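Here is what each chain is made of, one letter per residue.
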Amino acid sequence: MVDTIKPGSVPISRRDSFNTRDTRTRNLKPFNSGDIKILLLENVSAMAVDILKKAGYQVEFHTKALDKDTLIEKIKDVHAVGLRSKSKLTEEVLSHANKLLTIGCFCIGTNQVDLSYAASRGICVFNSPFSNSRSVAELIIAEVILLARQLGDRSREMHNGVWNKVSKACYEIRGKTLGIVGYGHIGTQLGVLAESLGMHVIWYDILPVMPIGMSRAAGSLDEVLAEADFVSCHVPETPETKNMIGKRELALMKPGSYLINASRGTVVDIDALAAALNSGHLAGAAVDVYPSEPLANGPGFESPLRNCPNTLLTPHIGGSTEEAQRMIGIEVATSIVKYINSGASVNAVNFAECDLRAIPSTDLTTVRIVNVHQNVPGVLRQINNILADYNVNKQISDSKGDVAYFMADVTVNDPKEINTIYEQVTAIQENIITRVLF
């Protein structure tokens, strides 16, 4: 990314920094990048739009995902993209992103973005891993009760004019066992809510986690499946979790038990689940995510799970509450602004997490150098040799995989020297992106 710097052309404004150590700090802005353009897709929160506009950016807002050709055309000239789960930022799409600095995933998952390729292009990706945890946990609790009372089938029958008052195979959830696969932020909240309703909670996670409340860790996934009356999946999409609940795992579940999946669509073998439901081995299921999902609302959804008995199908709405979307909008939009304006990569998914304390408002001679480079020996030496003749107030460097991230605050008395530093760092062979913030 190469721009022409015009010394003295960037005004300095003062406000409270994101870094609250000193409330009298300088508001950094991208030096020489012109007007920052943001492309927001899939009807992300209005709160995010407001935050980005207040930062002075040009925001283009779309309520739906864009087809690949349109997305390729749009992405050529923007500095940031915000999306949810339907838009696909593949290597092919990202290869056309000439100015892209950052991607904001306004959701938990990031599998819709080619993270490795984005990093290799110096594109920092953020998501919101925690903001919708409560919304998802509440949906699971609702589905546990709905499944236990067969309310999905009873409601459909009533809408069809059929009165079918039954109590057979309808249960209270008090005293039943909930098995949680993946005891992270959603899993732990779900466990607390379930215990408050009188359920026993067991869970399995590949990482050692401190149990909350009276919950108990299981030694294996098989143990959870064999013991739980309800099994709820809360794992990311990885090669290890693909079809982790298949024909074998479903057979291990107790006859008459229930399966809930609100994690990722590839976690459960849908055909095997449909067979287990239609055979009566499982008493019901609730599914919110699917291996393939429509790009837009409307007719056309197909799944082997349609018309299976006591099966709740929802259109990927686990985190779709006003509260969750508002918090996601604030979290991701703030990360985008901080990265563009100050270089902070805290909470990045595909970058090393780096930040520097804010620059005092009285310091008008310090600029921030932000550099993304290939993680190979000798690059830091080259950068520090360039900066050797200047006063480096503070610096930080870290790496993640094949990409390293470097930040330094440098005192520059002559504005013309900023161009010199920029051009020399950019000329390093392993350079990916260099930015100057002032």
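Residues numbered from 1 in each chain as written. Predicted model: local features only at pLDDT ≥ 70, side-chain atom pairs only at ≥ 80, totals over all residues. Heavy atoms only, no water.

Caption draft 1: The overall build of the protein chain, seen in detail. Helix and strand content of the protein chain: 13 helices and 19 strands. In terms of overall dimensions, the protein chain has C-alpha extents of about 85 × 45 × 40 Å along its principal axes. Each of the 438 residues in the protein chain was classed as buried or not, and the buried ones make up 51%. In the protein chain, 66% of the contacts between residues at least 6 apart in sequence involve partners at least 24 apart. Just so you have it, the protein chain exposes about 20,600 Å², and 52% of that area is on carbon and sulfur atoms. (Helix = DSSP H or I, 4+ residues; strand = E, 2+ residues; numbered from the N terminus. Buried < 20%, exposed > 50% of the residue type's maximum accessible area, 1.4 Å probe, protein only. Contact = heavy atoms within 4.5 Å. Areas by Shrake-Rupley, 256 points an atom, 1.4 Å probe, with all protein chains shown as cover.)

Caption draft 2: Structural view of the pairing of strand β14 (residues 282-287). Of all 6 residues in β14, 5 are buried, a share of seventy percent or more. Here strand β13 (residues 257-261) runs beside β14; their pairing, made up of 5 bridges, is parallel. Looking across to β14, one finds that Asn-261 is bridged to Val-287. Regarding topology, helix α10 (residues 270-279) serves as the crossover connection from β13 to the parallel β14, and that connection is right-handed. (Pairing = 2+ DSSP bridges. Right-handed = clockwise from strand over helix to strand, strands pointing away.)

Caption draft 3: The arrangement of the side chain of Lys-394 in detail. Here Lys-394 shows up in strand β17 (residues 391-400). Apart from the residues lying within four places of it in its own chain, the contact partners of Lys-394 are Leu-356, Arg-357, Ala-358, Ile-359, Arg-368, Met-407, Ala-408 and Asp-409.

Caption draft 4: The packing of aromatic side chains, seen in detail. In total, this model carries 7 aromatic pairs according to the counting rule given. Of the aromatic side chains, those joined through ring pairs into one cluster are Phe-126, Tyr-339, Phe-351 and Tyr-405. Between Arg-435 and the ring centre of Tyr-339, over which it is positioned, the NZ or CZ distance is 5.0 Å. (Phe/Tyr/Trp six-rings, centres within 6.5 Å; stacked < 30°, edge-to-face > 60°. Lys NZ or Arg CZ within 6 Å of the ring centre and 35° of its normal.)

Caption draft 5: Geometry of the sheet that holds strand β8 (residues 124-126). Sheet architecture is open: 5 strands sit in the order β5-β4-β6-β7-β8, paired in parallel fashion. Strand pairing shows two members of the sheet lacking a second neighbour, β5 (58-61) and β8, which therefore form its edges. Here the strands of the sheet are splayed against their neighbours by 15° on average, with no regard to which way each runs. The strands touched by helix α1 (residues 46-54) within the sheet are β4 (37-40) and β5, with β5 carrying the most contacts at an inclination of about 155°. The sheet contacts of helix α11 (residues 322-342) involve β4, β6 (80-83), β7 (102-105) and β8, and relative to β7 the element is tilted by about 170°. (Axes fitted to C-alpha atoms, helices over the stretch in contact; angles between N-to-C directions.)

Caption draft 6: Layout of the pattern of salt bridges. Inspection of the entire model under this criterion finds 18 salt bridges. Ionic pairing is found between Arg-156 and Asp-153, a salt bridge with its closest N-O pair at 2.8 Å. Placement of both Arg-156 and Asp-153 in helix α6 (residues 151-159) is noted, with a separation of 3 residues, approximately one turn of the helix. Accessibility expressed as a relative area gives 41% for Arg-156, which makes it partly exposed. Two residues, Arg-248 and Glu-249, come together in a salt bridge whose shortest N-O distance is 3.1 Å. Arg-248 sits in the partly exposed class, given a relative accessible area of 47%. Among the ionic contacts, a cluster of salt bridges with common partners joins Lys-37, Asp-77 and Lys-99. (Salt bridge = Lys/Arg side-chain N within 4 Å of Asp/Glu carboxyl O.)

Caption draft 7: How the structure looks around α10. Those residues of α10 that sit buried are Ile-270, Ala-272, Leu-273, Ala-274, Ala-276 and Leu-277. Looking at the buried side of α10, the elements it contacts are α9 (247-252), β13, β14 and β15 (311-313). The N-cap residue of α10 is Asp-269: its side-chain oxygen and the backbone nitrogen of Asp-271 are 3.2 Å apart. Of the residues flanking the end of α10, it is Gly-280, one or two places downstream, whose phi is positive at about 90°. (Polar contact = N/O pair within 3.5 Å; in protein donor to acceptor, adjacent residues only side chain to side chain.)

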